[in-house]
Amino acid sequence: MNRAPDKRTATLIAAIVSLSAFALPRDAVAREDCKAPELVCKAASNQDRSLYFRDHCRYQQKIHIERFKVRTDGEQMEETRDTTVQVEPARQPDKTGQTPVNVKVTADTDKKGNPRDNVKQDERTLLSFGAVWDLAFFPLLPEQLKYYSLQEVVSDRKGERWFRFVPKPEVTSVPLAAGVAQLDELTGEVLTIKIESLHNLDSLDKEASKLRSFNATIDYNQYEGTLRMPSLASGSGVSGIRRFEGNFRFRFEEGRYLPLYKMD
C-alpha cells in the first residue's frame, strides 16, 4: 500500500521543485555571462543553487576545536571544545534589506571538553562567524568568478578535474578564498575544496579580519540528487579574534536540512 509522504518530506519535495523552477532561468543567465572554463561555470551554478537552498533552511552544525600554543618543546593545549548549533534564517529582512541568520547553541562543553549542563544559546563561538564559513564553503559563486585567476592542475583522482583559484592581485575589497576545487569531470559538481587561505576579510567582518590564517579540506555530499552541501570539513589556522586567540585545528560537520520558507 502506498503511503503519503510525511510533512517533512512533503516540505522538502516542494522546496526542491521550487528551487528547480527558480534555477532554470538563473542558470541560463549565469552560464551565458560566465567567462571561466565551462566546467567551472557549472560548478559555480551548482554552488549558487546549493547556497540558495541552504539559506532557506534550518540546519545543524557541529565543530570540535582544539586551541593551543606552539612552544619549542611541543604544543601546549589551551582549549578542547565541542559545540553544536542550530542555524536558521530570520523570517524578515533587517533595515539593510539583508536577512539575518540566527545561530543558536544547542550543546556545548567547557574548555576541557566536559559537557555543560547549562548551555547559553547565544554563546559566541567560532560558528558565530557564519559569513566566514560560507566564504570557505562556497567560494565559487557566479558573481565571484571574475575576481579569480583560474588554472587547471593535474588531478590524481579518476573522474575528476581540478582547478586552482587565486584572487587577482588588484582585487582588495571583495572577500575571497584561494585553493583547489575538485570537480566531477562531467557535471562540474563540487566534490572537495581545499582552502589554502582567505582574503579581504575586513570587507566581510572587522572582527573576522583578525583571522590571520585559515586552511581547510571540505567534502561535499550530494543532496536530493541536485545539490552539493558541505558535509564534513577539517583544517587549522591562527586567530587573533578575541576569546579565540592562538593556533587552532578543527573538525566540522553539517546536516539535517529542513526548508522553512517559500523560495521566490
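The structure we're discussing is the one just above.
Peer 1: Looking at this structure, I do not really get the layout of surface pockets. What am I missing?
Peer 2: Of the voids in this model, the largest pocket is the one considered here, and its volume is about 1,100 Å³. Along the wall of the largest pocket there are 38 residues; nearest its centre are Asp55, Val101, Gly130, Ala131 and Asp134. When contributions to the lining of the largest pocket are tallied by element, the ones reaching two or more residues are helix H2 (38–54), strand S1 (57–71), strand S2 (74–89), strand S3 (101–107) and helix H3 (130–137). Considered class by class, the residues forming the lining of the largest pocket number 19 nonpolar, eight polar and eleven charged.

Peer 1: Can you walk me through the pairing of strand S8 (residues 211–223) in this structure?
Peer 2: In summary, the side chains of a regular strand alternate between the two faces of the sheet. Direction of pairing for strand S7 (residues 190–199) relative to S8: antiparallel, over a ladder of four bridges. Across the sheet, Ile193 pairs through a bridge with Ile218, a residue of S8. Strand direction decides the pairing type here: S8 and strand S9 (residues 227–239), joined by twelve bridges, are antiparallel. Within the sheet, the bridge partner assigned to Asp219 lies in S9 and is Leu232. A loop of three residues connects S8 with S9, the two strands running antiparallel in sequence, and Glu224 in this loop sits at a positive phi of about 55°.

Peer 1: Sorry, what's going on with the side chain of Arg81 here?
Peer 2: Within the secondary structure layout, Arg81 lies in strand S2. In terms of polar contacts, Arg81 uses its side chain to reach the side chain of Asp108, at 2.7 Å. The residues touching Arg81, leaving out its near neighbours within four places in the chain, are Ile63, His64, Ile65, Asp108, Thr109, Asp110, Arg116, Glu123, Arg124, Thr125 and Phe244.

Peer 1: Would you mind going over the state of the cysteines with me for this structure?
Peer 2: Working definition of a disulfide: a covalent bond connecting the sulfur atoms of two cysteines. This model, assessed by the stated rule, comprises one disulfide. Here Cys34 pairs with Cys41 through a disulfide, and the sulfurs are 1.9 Å apart. The chirality of the disulfide connecting Cys34 with Cys41 is left-handed, given an S-S dihedral of about -85°. Note on accessibility: Cys34 and Cys41 belong to one class, buried.

Peer 1: Hey, could you run me through the packing of aromatic side chains in this one?
Peer 2: For any pair of aromatic rings, the description rests on two quantities: the centre-to-centre distance and the angle between the ring planes. Considering all chains together, one arrives at eleven aromatic pairs under this definition. Among the aromatic residues, those joined into a ring-pair cluster are Trp133, Phe137, Phe214, Phe248, Phe250 and Phe252.

Peer 1: I would appreciate a short explanation of the environment of Gln222 in the present structure.
Peer 2: Within the fold, Gln222 resides in strand S8. Taking the relative accessible area as the measure of exposure, Gln222 reaches 44% and is therefore partly exposed. Sequence separation between Gln222 and Glu189 is 33 residues; the distance between their C-alpha atoms is 8.8 Å. The residues touching Gln222, leaving out its near neighbours within four places in the chain, are Glu189, Leu227 and Arg228. For Gln222, the side chain forms a polar contact with the side chain of Glu189, separated by 3.2 Å.

Peer 1: Before we go on, may I ask you to explain the pattern of salt bridges in this structure?
Peer 2: Oppositely charged side chains may form a pair once their charged atoms are brought near each other. Evaluated as defined, the whole model comprises 19 salt bridges. For the salt bridge of Arg67 with Glu78, the shortest nitrogen-to-oxygen distance reads 3.3 Å. You can see Arg67 sitting in strand S1 and its partner Glu78 sitting in strand S2, a full eleven residues away along the chain. Exposure remark for Arg67: the relative accessible area of 9% places this residue in the buried category. Salt bridges sharing common partners tie together Arg67, Lys69, Glu78, Glu79, Arg81, Asp108, Arg116, Glu123 and Arg243.

Peer 1: Is there a simple way to think about the side chain of Thr192 in this case?
Peer 2: Mapped onto the elements, Thr192 comes out in strand S7. A polar contact is formed between the side chain of Thr192 and the side chain of Asp219, at a distance of 2.9 Å. Not counting residues up to four positions away in its chain, the partners in contact with Thr192 are Arg157, Val180, Ala181, Gln182, Thr217, Ile218, Asp219 and Tyr220.

Peer 1: I keep staring at the nonpolar core and nothing clicks. Help me out?
Peer 2: Across soluble globular proteins, you tend to see nonpolar side chains buried next to one another. Counting 58 residues, the largest nonpolar core has Phe137, Ile195, Leu198, Phe214 and Phe250 as the members making the most contacts within it. The element best represented in this core is H2, accounting for seven residues. The residues contacting Ile195, other than those within four sequence positions of it, are Ala136, Pro139, Phe165, Ala177, Ala178, Gly179, Phe214, Asn215, Ala216 and Ile218.

Peer 1: Please explain the sheet that holds S1 as it appears in this structure.
Peer 2: The strands making up a sheet associate through backbone hydrogen bonding, with each pair oriented either parallel or antiparallel. Spatial ordering of the open sheet is given by S3-S2-S1-S10-S9-S8-S7-S6-S5-S4, a layout of ten strands whose pairing is antiparallel. The sheet is open, and its two edges are formed by S3 and strand S4 (148–153), each paired on a single side. This sheet shows a mean twist of 20° between the axes of neighbouring strands, independent of strand direction. Against the sheet, H2 touches S1, S4, strand S5 (160–167), strand S6 (176–184), S7, S8, S9 and strand S10 (246–259), its axis set at about 90° to S9. Along the sheet, H3 makes contact with S1, S6, S7, S8, S9 and S10, crossing S8 at roughly 65°.

Conventions and cut-offs
Residues numbered from 1 in each chain as written. Predicted model: local features only at pLDDT ≥ 70, side-chain atom pairs only at ≥ 80, totals over all residues. Heavy atoms only, no water. 1 Å grid on protein atoms, 1.4 Å probe; cavity = no way out; pocket = protein on both sides within 12 Å on 5 of 7 lines; lining within 4 Å. Points joined across faces, edges and corners; volume = space filled by probe spheres on them. Helix = DSSP H or I, 4+ residues; strand = E, 2+ residues; numbered from the N terminus. Nonpolar A, V, L, I, M, F, W, Y, C, P; charged D, E, K, R; others polar. Pairing = 2+ DSSP bridges. Polar contact = N/O pair within 3.5 Å; in protein donor to acceptor, adjacent residues only side chain to side chain. Contact = heavy atoms within 4.5 Å. Disulfide = S-S within 2.5 Å. Buried < 20%, exposed > 50% of the residue type's maximum accessible area, 1.4 Å probe, protein only. Phe/Tyr/Trp six-rings, centres within 6.5 Å; stacked < 30°, edge-to-face > 60°. Salt bridge = Lys/Arg side-chain N within 4 Å of Asp/Glu carboxyl O. Core = buried A, V, L, I, M, F, W, Y, C linked by side-chain atoms within 4.5 Å. Axes fitted to C-alpha atoms, helices over the stretch in contact; angles between N-to-C directions.

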